[in-house]
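Structural features, examined
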Protein chains: 2
Amino acid sequence: MSEQKKSVYKPRPVSGFPEWLPEVRIVEQQWFDHIRRVFEAYGFCSIETPSVEELDVIAAKGEVDKEIYVLERLHRDENDKEARLALHFDQTVPLARYVAQHFNDLTFPFKRYQMQRVWRGERPQAGRFREFYQCDIDVIGVDSLPLHFDAEMPAIMYEVMRGLPGMEGQDFQIQLSNRKILIGALQSLGVDGEERIVAATRAIDKLEKIGREAVAKELAASGLSQEAVSRILKMVEIRTGNPEAIRAIKDIFPGDFPYLDEGIAELCEVLQYLQHLPEGAIVADLAIVRGLDYYTGTVYETRFTGDGSFGSICSGGRYEDLATQYINKKLPGVGISIGFSRLFSYLHEKGALPVGRKSPAHVLVAVPSEERRGAAAATAHALRGRGFNVELYHAAQKLQKQLAYAEKKGIPYVWFPPFEEGQAHEVKCLATRAQAKAEPETWNPAKEELDAVA
Amino acid sequence: MSEQKKSVYKPRPVSGFPEWLPEVRIVEQQWFDHIRRVFEAYGFCSIETPSVEELDVIAAKGEVDKEIYVLERLHRDENDKEARLALHFDQTVPLARYVAQHFNDLTFPFKRYQMQRVWRGERPQAGRFREFYQCDIDVIGVDSLPLHFDAEMPAIMYEVMRGLPGMEGQDFQIQLSNRKILIGALQSLGVDGEERIVAATRAIDKLEKIGREAVAKELAASGLSQEAVSRILKMVEIRTGNPEAIRAIKDIFPGDFPYLDEGIAELCEVLQYLQHLPEGAIVADLAIVRGLDYYTGTVYETRFTGDGSFGSICSGGRYEDLATQYINKKLPGVGISIGFSRLFSYLHEKGALPVGRKSPAHVLVAVPSEERRGAAAATAHALRGRGFNVELYHAAQKLQKQLAYAEKKGIPYVWFPPFEEGQAHEVKCLATRAQAKAEPETWNPAKEELDAVA
């Protein structure tokens, strides 16, 4: 090997593209495993779509903007007539395209989950991800879809979030509403036409940020009477898990308003399905607006009760038509999505994640001497056969050094094969420092200790 | 909702970007789960890198060619001074960059696995993937790395491939060699200079494709005597799992050739470590050449014994310097990689994959009537609490229709909650058609039946 000095290009992190050390990645894997376990417990199947869609497919769904990354071959041929491809920026466009394309091969209601990276071609900015994971569930029906699915979505997400390692100490709340109620209430007050409704809902959307007084002013400016403003504010300040309190909205807006009544009936039914959950886990919050053109009924948001600055952890809603751009079928659905990477990264920065082990190994098998490496390897093999994750130490170094290696990597047990044929094996638990004789064929440590960090 | 006819953009598959139906995706997940289980059983930790690297990082490693996809924001600002980003085309450049960047936070030998998508910006072509999964393991040392890792790599991959659902009926063989032997043997015959060695190894690389006679001709054309050609051919036709047969190479090339001798000693030691595996699982094949500038010692390839046309399933080798472009450290390593998507897709096309279930659900809980939906939901909840994956049927339709739905999705059991309070639950196994009374709290089906497809 020549010893010439080479020039070194020192790599640096790419802004917006997160990357974790092994000890953090292990927690990230626990998150994915847990989320998948819950989604599958409810019978959702997994799909994965390519990282790209054709630009024309995205354009058909009407969302081509500058947040999209387009792929170019580095040396593109002049006469290249290929369709342009773009990285997907969410999992909704790919789901719609997938369902339309494979319609005849799917069973409906189609319950799918999807945990993939998505990309946003934004300018680099602190705290803004340009590549991140989203975890979505959706249920798609043909022509119609029962309302009880609107309750299943947040119930699943509650179970997901309650079980994420690191979320134990975090208080959060899933909030839901039904867009028909707010729009129906505005219509009942004579706010007509899309433009006026959009202006009013925009104002209400800012309730948490700018406060009651400022919203009242904006609503008045959009043409509502003082009395109308106070009725609307009375409604959007409702926070309740109780269906009766939703029915009482009719007391604020009496009269025959079918769209409003439909929304109230739907929200009551959804809350009724959620009564088995702990109080305060999922509550109706009539100020929730969400996207103005996609969702048509139930809408969800999720917030840390202590920290409003984070925004929504997990959100979604009910839509009328998933894929009308790609197929002549009416496909109503309801879905909810966690911004996985943003939440994970937030808890990591707070020091809330249980980061510790750098290795999946339960046991480090020590190598007593180079002559005994074969015997140590056989021991490691026997332990693997019993389902343990086992690293065989790489060299016949001093046992103190081998122990220190296990400690550094957070491997909970060190196994000492005999120094001579016929002697006993011993195993040391690094958490308790206890060392005892053991046999590879019968050793039976406590599950908690195996998963513990020394 | 307006009923106006919309124009429909019919989506089509994007060439080179595979996508699976749910029943195939379930098998793909089983593959990833199995591979991860084996990698972790040997103490490898997971890392994931971003999908992109800076073009300058790739260029430093010297591999910028037109197979790279570069990202462009759809509406790029004129005065945009950002570094150009490219999708990674393998997991070696990202690994090298990762190890250099996080050097002080890693524990060495660094044993990592990585299962991610990689991208090749090739022109669309039948059977050529432009996006696919690779599953890599590497062990990286600082300054040196023990040779026994060269044996651990193929042993792990053998265990991986033997356990992949759908590989049961496929005969394959992992083949290994040591580049020092071939190069040392050529040097011993007076073939000197890189150019002549490259020409000779290129010829030998074609042995399987063009046959003995044609290779002999090429070797002769490159300046070897008839006798030298026949000695080289005698060596490269060696196929053996026996270290003694490798030592016998010295009979063909007697004399003092340190580089050749080193290669022979290394290959013998590696084969010695592999003696516990079934005969023929991993054999030395002296005709293996692999990449000419990256690998420096042990090299691996893996082939279907029945079908040479597939090429190598899984390959890799030992290298001197992982990241010399990014850090002033000598980081020798050894690694091996499966081309996951190509193998998966090949077995799928052959009909070898156990494709059946369209749902992860073990049980479909039927809904006897809308009034009993709450009771059915409670039953589903109880079964989930015991670890079963459970779908609650979506409507109180005829039981025949609910059964047909379970059958269509490949859900093995249908659970019938009582039609009236106080009556017994019953559960039907779709494979055996047996139906029996059961309680959600105690039901205990056979594991095999739970995973079976009706």
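Here, every reference points to the structure presented above.
Overview of the structure. (Residues numbered from 1 in each chain as written. Chains lettered and ligands numbered in written order. Predicted model: local features only at pLDDT ≥ 70, side-chain atom pairs only at ≥ 80, totals over all residues. Heavy atoms only, no water.)

Details of the overall build of chain A
Summing up its helical and strand segments, chain A has 16 helices and 17 strands in all. Computed over C-alpha atoms, the radius of gyration of chain A comes to 28 Å, more than 25% over the 22 Å expected from 2.2 N^0.38 for 454 residues, which places it beyond the range of a compact globule. In terms of its C-alpha atoms, chain A occupies a principal-axis envelope of roughly 90 × 65 × 45 Å. Put simply, chain A has 454 residues, and 59% of those count as buried. Sequence-distant contacts, at least 24 apart, represent 68% of the contacts inside chain A between residues at least 6 apart. Of the roughly 19000 Å² of accessible surface on chain A, a fraction of 48% belongs to carbon and sulfur atoms. Within chain A, the 66 negative side-chain charges are centred at a point lying 6 Å from the centre of the 56 positive side-chain charges. (Helix = DSSP H or I, 4+ residues; strand = E, 2+ residues; numbered from the N terminus. Rg over C-alpha atoms; globule rule 2.2 N^0.38 Å. Buried < 20%, exposed > 50% of the residue type's maximum accessible area, 1.4 Å probe, protein only. Contact = heavy atoms within 4.5 Å. Areas by Shrake-Rupley, 256 points an atom, 1.4 Å probe, with all protein chains shown as cover. Lys, Arg positive; Asp, Glu negative; His and termini not counted. Charge placed at Lys NZ, Arg CZ, Asp CG, Glu CD.)

What about the interface of chain B and chain A?
Listed per partner, the contact involves 105 residues of chain B and 105 residues of chain A. Carbon and sulfur atoms make up 54% of the surface buried where chain B meets chain A, a total of about 9100 Å² over both sides. Its largest share of buried area at the contact with chain A, chain B owes to Y9(B), E19(B) and L74(B), together 8% of the area lost on that side. Taken together, chain B and chain A are joined by 10 salt bridges. For R117(A), the salt bridge is made with E48(B), and the minimal N-O distance between the two is 3.3 Å. (Buried area = accessible area lost by both parts, 1.4 Å probe. Salt bridge = Lys/Arg side-chain N within 4 Å of Asp/Glu carboxyl O.)

So, helix α3 (residues 92-101) of chain B
Structurally, the α-helix is built with 3.6 residues per turn, so residues lying three or four positions apart point the same way. Of all 10 residues that make up α3(B), 8 are buried, and the element is covered over most of its length. Of the positions making up α3(B), those classed as buried are V93(B), P94(B), L95(B), A96(B), R97(B), Y98(B), V99(B) and A100(B). In this structure, the buried residues of α3(B) make contact with α1 (22-41) of chain A together with β2 (52-54), α2 (55-60), β5 (110-119), β6 (131-140) and β11 (314-319) of chain B.

Overview of the pattern of salt bridges
Residue and element names in this part refer to chain B. One pass over the full model with this rule turns up 60 salt bridges over all chains. Close ionic contact of K180 with E262 constitutes a salt bridge, the shortest N to O distance being 2.8 Å. With K180 in helix α5 (residues 179-188) and E262 in helix α11 (residues 258-273), this pair connects stretches of sequence that are 82 residues apart. A relative accessible area of 37% places E262 in the partly exposed class. Of the charged contacts in the structure, one is a salt bridge between R239 and D285, with a shortest N-O distance of 3.1 Å. You can see R239 sitting in strand β8 (residues 239-240) and its partner D285 sitting in strand β9 (residues 282-285), a full 46 residues away along the chain.

Considerations on the pairing of strand β15 (residues 413-416) of chain B
All names here are of chain B. Because side chains alternate across β15, one face comprises the buried residues Y413 and W415, and the other comprises V414 and F416, equally buried. Across 3 bridges, strand β13 (residues 363-365) lies against β15 in parallel orientation. Of the residues in β15, the one forming a bridge with V363 is Y413. The pairing of β15 with strand β16 (residues 425-429) spans 4 bridges and is classified as antiparallel. Paired with W415 across the bridge in β16 is V427. (Pairing = 2+ DSSP bridges.)

Some points on the relation of the copies chain B and chain A
Between chain B and chain A, the superposition needs a rotation of 180° and an axial shift of 0.0 Å, giving an RMSD of 0.0 Å. Both copies of the chain, as the preceding transformation shows, are related through a two-fold rotation axis. When C-alpha positions in chain B are compared against the rotation axis, the closest is assigned to L71(B), at 2.5 Å. Interface residue correspondence from chain B to chain A reaches 100%, placing this contact among same-surface, isologous pairings. (Least-squares fit on C-alpha atoms with pLDDT ≥ 70 in both.)

Concerning the environment of H148(B)
Mapped onto the elements, H148(B) comes out in helix α4 (residues 148-162). For H148(B) and I68(B), which are 80 residues apart along the polypeptide, the C-alpha to C-alpha distance reads 35 Å. In this structure the side chain of H148(B) is engaged in a polar contact, spanning 3.2 Å, whose partner is the side chain of R373(A). (Polar contact = N/O pair within 3.5 Å; in protein donor to acceptor, adjacent residues only side chain to side chain.)

Topic: the environment of Q134(A)
Residue and element names in this part refer to chain A. For Q134, the position within the fold is in strand β6 (residues 131-140). As for Q134 and Q114, which are separated by 20 residues in sequence, their C-alpha atoms are 7.8 Å apart. Each residue touching Q134, except ones within four places of it in the same chain, is listed here: D90, Q91, Q114, M115, Q116, V118, R120, S337, I338 and F340.

Observations regarding the pairing of strand β7 (residues 172-178) of chain A
All names here are of chain A. Burial of β7 is extensive: 7 of the 7 residues sit out of reach of the surface. Side chains F172, I174, L176 and N178 of β7 all project onto a buried face; the interleaved residues Q173, Q175 and S177 project onto the opposite face, where all are buried too. In the sheet, β7 pairs with strand β10 (residues 295-304) via 7 bridges, with the strands oriented antiparallel. Its bridge partner lying in β10, F172 is registered against F304.

Concerning unusual backbone geometry
Trans is the common state for peptide bonds, and a negative phi is the common state for residues other than glycine. Of note, the amide linkage connecting F108(A) to P109(A) takes the cis form, showing an omega dihedral of -5°. On the secondary structure map, P109(A) appears in the loop between α3 (92-101) and β5 (110-119). Even without a glycine there, the phi angle at D143(B) is positive, about 70°. Within the secondary structure layout, D143(B) lies in the loop between β6 and α4. Here D143(B) falls in the exposed class, since its relative accessible area comes to 52%.

A few points about the sheet that holds β16(B)
Residues and elements named next belong to chain B. Pairing is mixed in the open sheet, where 5 strands are placed in the order β14-β13-β15-β16-β17. Edge strands, defined here as strands with exactly one partner in the open sheet, are β14 (390-392) and β17 (435-438). Within this sheet the neighbouring strands show an average axis-to-axis angle of 25°, counted without direction. With respect to the sheet, helix α13 (residues 373-385) is in contact with β13, β14, β15 and β16, its orientation differing from that of β14 by roughly 170°. (Axes fitted to C-alpha atoms, helices over the stretch in contact; angles between N-to-C directions.)

Some points on the side chain of S51(A)
Relative to the elements of secondary structure, S51(A) occurs in the loop between β1 (45-46) and β2 (52-54). Taking the relative accessible area as the measure of exposure, S51(A) reaches 1% and is therefore buried. Only 3.0 Å separates the side chain of S51(A) from the side chain of R117(B), close enough to count as a polar contact. Residues contacting S51(A), with those up to four places away along its chain left out, are A86(A), L87(A), H88(A), W119(A), R117(B), W119(B) and E131(B).

Description of the sheet that holds β10(A)
Reading across from one edge, β1-β5-β6-β12-β11-β10-β7-β9-β8 (chain A) is the order of the 9 strands in this open sheet, with mixed pairing throughout. Both edges of this open sheet fall to β1 and β8 (239-240) of chain A, since each of them pairs with a single strand only.

What about helix α1 (residues 22-41) of chain B?
All names here are of chain B. For α1, spanning 20 residues, the distance from its first C-alpha to its last is 28 Å, which sits close to the expected 28 Å at 1.5 Å a residue. The buried count for α1 comes to 16 of 20 residues, which makes it a mostly enclosed element. Looking at the residues trailing α1, positive phi occurs at G43, about 80°. (Expected span 1.5 Å × (residues − 1).)

Digging into the packing of α1(A) against helix α4 (residues 148-162) of chain A
Residues and elements named next belong to chain A. Packing of α1 against α4 brings their axes to within 9 Å, and their N-to-C directions diverge by 150°. One element, α1, and the other, α4, form an angle in the roughly antiparallel class. Along this stretch, α1 crosses α4, giving a crossing that reads as right-handed. Residue-level inspection shows H34, I35, V38 and F39 of α1 in contact with α4, the latter providing I156, M157, E159 and V160. (Parallel < 35°, antiparallel > 145°, perpendicular 65-115°, else oblique. Left-handed = near helix turned anticlockwise from the far one by under 90°.)

Concerning the packing of α5(B) against helix α8 (residues 226-236) of chain B
Residues and elements named next belong to chain B. At a closest axis distance of 11 Å, the pairing of α5 and α8 adopts a crossing angle of 165°. The angle between α5 and α8 places the two elements in the roughly antiparallel class. Considering how the two elements wind past one another, α5 and α8 form a crossing that is right-handed. Side by side, α5 and α8 meet where I181, L182, A185 and L186 of the first sit next to I232, M235 and V236 of the second. Partitioning the contact of α5 with α8 into residue classes produces 7 nonpolar, no polar and no charged. (Nonpolar A, V, L, I, M, F, W, Y, C, P; charged D, E, K, R; others polar.)

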